[in-house]
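# Observations on the model geometry
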Amino acid sequence: MNNAHAHDDRQSEQQNGQQGELREFRALLHAQRVWDLDRLPAFAPAAAPAEPLPLFHRWFAEAVAAGQTEPHTMTLATVDEQGRPDVRTLMLHDADGQGWHFASHATSAKGRQLAASPEAALGFYWPAQARQIRVRGTVSAAGATESQADLHARSTGALAAALTGRQSERLGSLEELAKTSQAAWERAQAEPEAAVPTWTRYTVDPYEVEFFQGDVQRRHVRLRYRREAGVWASELLWP
């Protein structure tokens, strides 16, 4: 067999292997099901509050009671300098009359993106009750005092991670990460009030919040709040 035939055979074997992996993935994907259909809660939009925050608090408490894993995690969507979308999962720090709060380094990718384009979207997904919540709004950065208070209210591990810094920068090796992280842990334990100047608390001031309740027969209920001139109005959406 010449080299050309050997190359063709290897390429054919590789393609067959990739096709097999794709078939396995699709079979696994299509076998998945969503939600525990025997436990879905009812949602009556007519009885919903006039503003979205009380309903968010209620649904969050119900998600916790239903055993939802990590209900305080959410996706944050931003756009980069070229207008291309970006998304990641992070932790909710609070939700109050000012908006939905989270924190990160101002020098991180998300921090730079928010500085250039201060609008964002949040997404919560609580499959234990077939519920989603979407938040869209403008983003503001808190000052140093509030941001450092946010950091020091968290765990030693969170402080150590913040002290490690360099979020989103290129990493040379896992050994470098281990060495830097160990030093950060030791400092966080020795200096629990250590300052991290780049750590910033952000607030999403919402102008739109949507609540989605899944339904067994796929008659999902969607209630959207929209704020105009400081006043909230609500409407139903087709699923």
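Now for a description of the structure that goes with this document.

Reading guide: rules and limits
- Residues numbered from 1 in each chain as written.
- Predicted model: local features only at pLDDT ≥ 70, side-chain atom pairs only at ≥ 80, totals over all residues.
- Heavy atoms only, no water.
- Helix = DSSP H or I, 4+ residues; strand = E, 2+ residues; numbered from the N terminus.
- Contact = heavy atoms within 4.5 Å.
- Buried < 20%, exposed > 50% of the residue type's maximum accessible area, 1.4 Å probe, protein only.
- Pairing = 2+ DSSP bridges.
- Phe/Tyr/Trp six-rings, centres within 6.5 Å; stacked < 30°, edge-to-face > 60°.
- Salt bridge = Lys/Arg side-chain N within 4 Å of Asp/Glu carboxyl O.
- Expected span 1.5 Å × (residues − 1).
- Arc of directions from axis to C-beta.
- Axes fitted to C-alpha atoms, helices over the stretch in contact; angles between N-to-C directions.
- Parallel < 35°, antiparallel > 145°, perpendicular 65-115°, else oblique.
- Left-handed = near helix turned anticlockwise from the far one by under 90°.

### What about the environment of Ala142?
The residue Ala142 is located in the loop between strand 6 (131–141) and helix 4 (144–152) in this model. In this structure, the C-alpha to C-alpha distance between Ala142 and Arg201, residues 59 residues apart in sequence, is 5.4 Å. In contact with Ala142, other than residues within four places in its own chain, are Ser147, Thr200 and Arg201.

### Notes on the pairing of strand 4 (residues 99–105)
With 7 of 7 residues buried, strand 4 is to be regarded as a mostly interior element. For strand 3 (residues 94–96) and strand 4, the ladder comprises 3 bridges, and the chain directions are antiparallel. Bridging from a neighbouring strand, Ala95 pairs with Trp100 of strand 4. Counting the residues between successive antiparallel strands, the hairpin from strand 3 to strand 4 contains 2 residues. Alignment of strand 4 against strand 7 (residues 199–213), held across 6 bridges, turns out to be antiparallel. Counted as the bridge partner of Ser104 is Thr200 from strand 7.

### Points about unusual backbone geometry
Notably, Arg166 is not glycine yet its phi reads approximately 60°, a positive angle. Inspection of the secondary structure puts Arg166 in the loop between helix 5 (156–164) and helix 6 (174–190). With relative accessibility at 49%, the residue Arg166 sits in the partly exposed group. With a phi angle near 65°, Arg218 is a residue other than glycine that sits in the positive phi range. The exposure class of Arg218 is partly exposed, given its relative accessible area of 45%.

### Some words on the packing of aromatic side chains
A complete count under the given rule lists 11 aromatic pairs for this structure. Ring plane angle 45° and centroid distance 6.1 Å describe the contact between Phe56 and Trp126, whose orientation is recorded as tilted. Taken together, the residues Phe56 in helix 2 (residues 52–65) and Trp126 in strand 5 (residues 119–126) connect sequence positions 70 residues apart. Given a relative accessible area of 2%, Phe56 falls into the buried group.

### Some remarks on the pattern of salt bridges
Overall, the coordinates contain 16 salt bridges when judged by the stated rule. The partner of Glu235 in a salt bridge is Arg226, and the shortest N-O contact between them spans 3.7 Å. Connected through salt bridges with shared partners, the residues Arg136, Glu208, Arg224, Arg226 and Glu235 form a single ionic network.

### Considering helix 2
For helix 2, built from 14 residues, the straight-helix expectation of 20 Å at 1.5 Å per residue is met to within 8% by its first-to-last C-alpha distance of 20 Å. Every buried residue belonging to helix 2 is among Pro52, Leu53, Leu55, Phe56, Trp59 and Ala63, and all of these are buried. In an axial view of helix 2, the angular spread of the buried residues amounts to 155°, which keeps them on one side of the axis. Backbone geometry just downstream of helix 2 places Gly67 in the positive-phi region, at approximately 85°.

### Some details on the packing of helix 5 against helix 6
Interhelical geometry of helix 5 versus helix 6 gives an angle of 125° and a closest axis separation of 8 Å. In terms of orientation, helix 5 and helix 6 fall into the oblique class. In the packing of helix 5 onto helix 6, the handedness of the crossing is right-handed. Contacts between helix 5 and helix 6 involve Thr156, Gly157, Leu159, Ala160, Leu163 and Thr164 on the former and, on the latter, Thr180, Ser181, Ala184, Trp185, Arg187, Ala188 and Gln189.

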